[in-house]
Amino acid sequence: WRNPKCRGKLPPGSMGFPLLGESIQFFKPNTTSDIPPFVKERVKKYGPIFKTNLVGRPVIVSTDADLSYFVFQQEGRCFQSWYPDTFTEIFGRKNVGSLHGFMYKYLKSMVLTLFGYDGLKKMLPQVELTANKRLELWSNQESVELKDATASMIFDLTAKKLISHDPDKSSENLRSNFVAFIQGLISFPFNIPGTAYHKCLKGREKAMKMLKNMLQERRKNPRKNPSDFFDYVIEEIKKEGTILTEEIALDLMFVLLFASFETTSLALTLAIKFLSDDPEVLKRLTEEHETILRNREDAESGLTWEEYKSMTYTFQFINETARLANIVPAIFRKALRDIKFKDYTIPAGWAVMVCPPAVHLNPDKYKDPLLFNPSRWEESKASNASKHFMAFGGGMRFCVGTDFTKLQMAVFIHSLVTKYRWEEIKGGNILRTPGLQFPNGYHVRLHQKETKDML
Ligand code: HEM
């Protein structure tokens, strides 16, 4: 294992111990917002591209913006989406990340009917209503734990949109099965009681059972006016010669529910923490949103799509949050054949781990990279993806939920900063394993703003 075969020159690096590789060092929890220590130490020793072994797989780690960009652009040609076995077991073998070619394109277009431009435009009033309702509820509490509270808000919204799931009317709590996923996804695949991986698999089993029952129930009693994703799937499955199966549809539903609430709630919680720490940014953001209200003819009307699109500083703020949050610390691919890059060869079959934090925290591209400074995006127009910004991935597999996330974050922030003040109560400390976590939550107390507080 120490000197793997290669028809060329492998990048430098250590393959660690047999089987274990360097997994223990990789998973070691840390509290830094900087490039993960595992990566930083090795870049210093070996340079921006190095080899290692993680959970039994030989891996090339890329912190090089050019190589990472090349990997994204070459999806389906030199590289292919690949994730460790833990991902496939938890997300299902037929999940969208593990599908390729025609089937993949078909699923992606299905998802985009929901989370694309038109779908989101229709969703805006619902997103605002949900944010307002939750904020009002939380403002009547002594303290609210933001990570969990925002996760519940987003999960309910997505579950309503996808499967018309109403947690108040259902006897079983669908979301309770989605716990501990972040910890289990990138972990050792030991399915032993007590491990995060085991908890995830149990959660998946229960959630899939519920989703399956719901889908079967709906198939028996189809609705007159199809309106959610289940209705859409049922119509598709009925079509002659369809390539969609119930298994694929259910795996997709599961991935979408997970991907939407866990990632966005982390980003929102961190965003509010940044606002608590930086009164200047909070002031500028509040001004942007109060201006929207002031310019409105009917003060009681809801947010319009044009108002949403006018939130220039808010989009800079969201990009800066995503840059520093590094919610997805590693993006995996597999080399489909031997690939030459600069002096090195990546052997066929090896995994490549693109490391977004290394790109986002590069001082040559981001001055004072650890400083939270939304205005740095003024010049680059807060684009969704580039060689130097890959919080939502890049290339063909670019995150289909990016605009949905931005909509939810911007609308929530609009309601929050125009109607409420808040004080920190406890928590808010960060742990990375290497995924972002708030081990003690982030507890705040919300206070409704007096009318005179507003500009
Ligand atoms: C802060 C929020 C989010 C972040 C940071 C994020 C990040 C990412 C990243 C980095 C990828 C690329 C993975 C790869 O290339 O292998 C991705 C893919 C994906 N995301 Fe997101 N995401 C977020 C929100 C969402 C939401 C809200 C949804 C649900 C609609 C979603 C659904 C997906 C799906 C289905 C894929 C797979 C796409 C594919 O394989 O083509 N994500 N996400």
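Here is what the cut-offs are and how they apply
- Residues numbered from 1 in each chain as written.
- Predicted model: local features only at pLDDT ≥ 70, side-chain atom pairs only at ≥ 80, totals over all residues.
- Heavy atoms only, no water.
- Helix = DSSP H or I, 4+ residues; strand = E, 2+ residues; numbered from the N terminus.
- Rg over C-alpha atoms; globule rule 2.2 N^0.38 Å.
- Buried < 20%, exposed > 50% of the residue type's maximum accessible area, 1.4 Å probe, protein only.
- Contact = heavy atoms within 4.5 Å.
- Patch = residues over 30% accessible without salt bridge, like charges linked within 9 Å, V, L, I, M, F, W, Y side chains within 5 Å.
- Areas by Shrake-Rupley, 256 points an atom, 1.4 Å probe, with all protein chains shown as cover.
- Salt bridge = Lys/Arg side-chain N within 4 Å of Asp/Glu carboxyl O.
- Donors = N, O, S within 2.8 Å, 3.2 Å for Na, K, Ca; no water.
- Phe/Tyr/Trp six-rings, centres within 6.5 Å; stacked < 30°, edge-to-face > 60°.
- Lys NZ or Arg CZ within 6 Å of the ring centre and 35° of its normal.

**Digging into the overall build of the protein**
Thought 1: Helix and strand counts for the protein stand at 16 helices and twelve strands.
Thought 2: Here the protein has a C-alpha radius of gyration of 22 Å; the compact-globule value for 455 residues is 23 Å, and the two agree.
Thought 3: Judged by the C-alpha coordinates and their principal axes, the protein covers about 70 × 55 × 40 Å.
Thought 4: With 455 residues in all, the protein has 54% of them scored as buried.
Thought 5: Pairs at least 24 residues apart make up 73% of the contacts formed inside the protein by residues separated by at least 6 positions.

**Some points on a nonpolar patch on the surface**
Thought 1: A cluster of nonpolar side chains, Phe17, Leu20 and Ile24, forms an exposed patch at the surface whose accessible area comes to about 300 Å².
Thought 2: Along the chain, the position of Ile24 falls in helix H1 (residues 23-27).

**Overview of the coordination of the iron atom of the ligand**
Under ideal tetrahedral coordination, the four donors around a metal are separated by 109.5 degrees; under ideal octahedral coordination, the six donors are separated by 90 or 180 degrees.
Thought 1: Among all protein atoms, only Cys399 (SG) binds the iron atom of the ligand, sitting 2.3 Å from it.
Thought 2: Following the sequence through the fold, Cys399 ends up in the loop between helix H15 (356-360) and helix H16 (402-419).

**Regarding unusual backbone geometry**
Thought 1: A cis amide bond links Thr433 to the next residue, Pro434, at an omega of -5°.
Thought 2: Of note, the phi angle at Val55 is positive, near 30°, even though the residue is not glycine.
Thought 3: Residue placement: Val55 occurs in the loop between strand S1 (49-54) and strand S2 (57-62).
Thought 4: Residue classification places Val55 among the partly exposed residues on the basis of a relative accessible area of 26%.
Thought 5: Residues other than glycine seldom take positive phi values, yet Ser164 does so here, at roughly 50°.
Thought 6: In this structure, Ser164 sits in the loop between helix H7 (146-163) and helix H8 (181-185).
Thought 7: You can call Ser164 partly exposed: its relative accessible area is 31%.

**Here's the deal with the packing of aromatic side chains**
Thought 1: Counted under the stated rule, the structure contains 25 aromatic pairs.
Thought 2: Seen from their ring centres, Trp82 and Phe332 are 5.9 Å apart, and the 80° between their planes marks the pair as edge-to-face. In this pair, Trp82 is assigned in the loop between strand S3 (79-81) and helix H4 (85-91) and Phe332 in strand S5 (residues 331-335), connecting sequence segments 250 residues apart.
Thought 3: In this structure an aromatic cluster arises from ring pairing among Trp82, Tyr83, Phe87, Phe91, Phe155, Phe254, Phe258, Phe261 and Phe332.
Thought 4: Directly above the ring of Tyr366 sits Arg323, whose terminal nitrogen or CZ lies 4.9 Å from the centroid.

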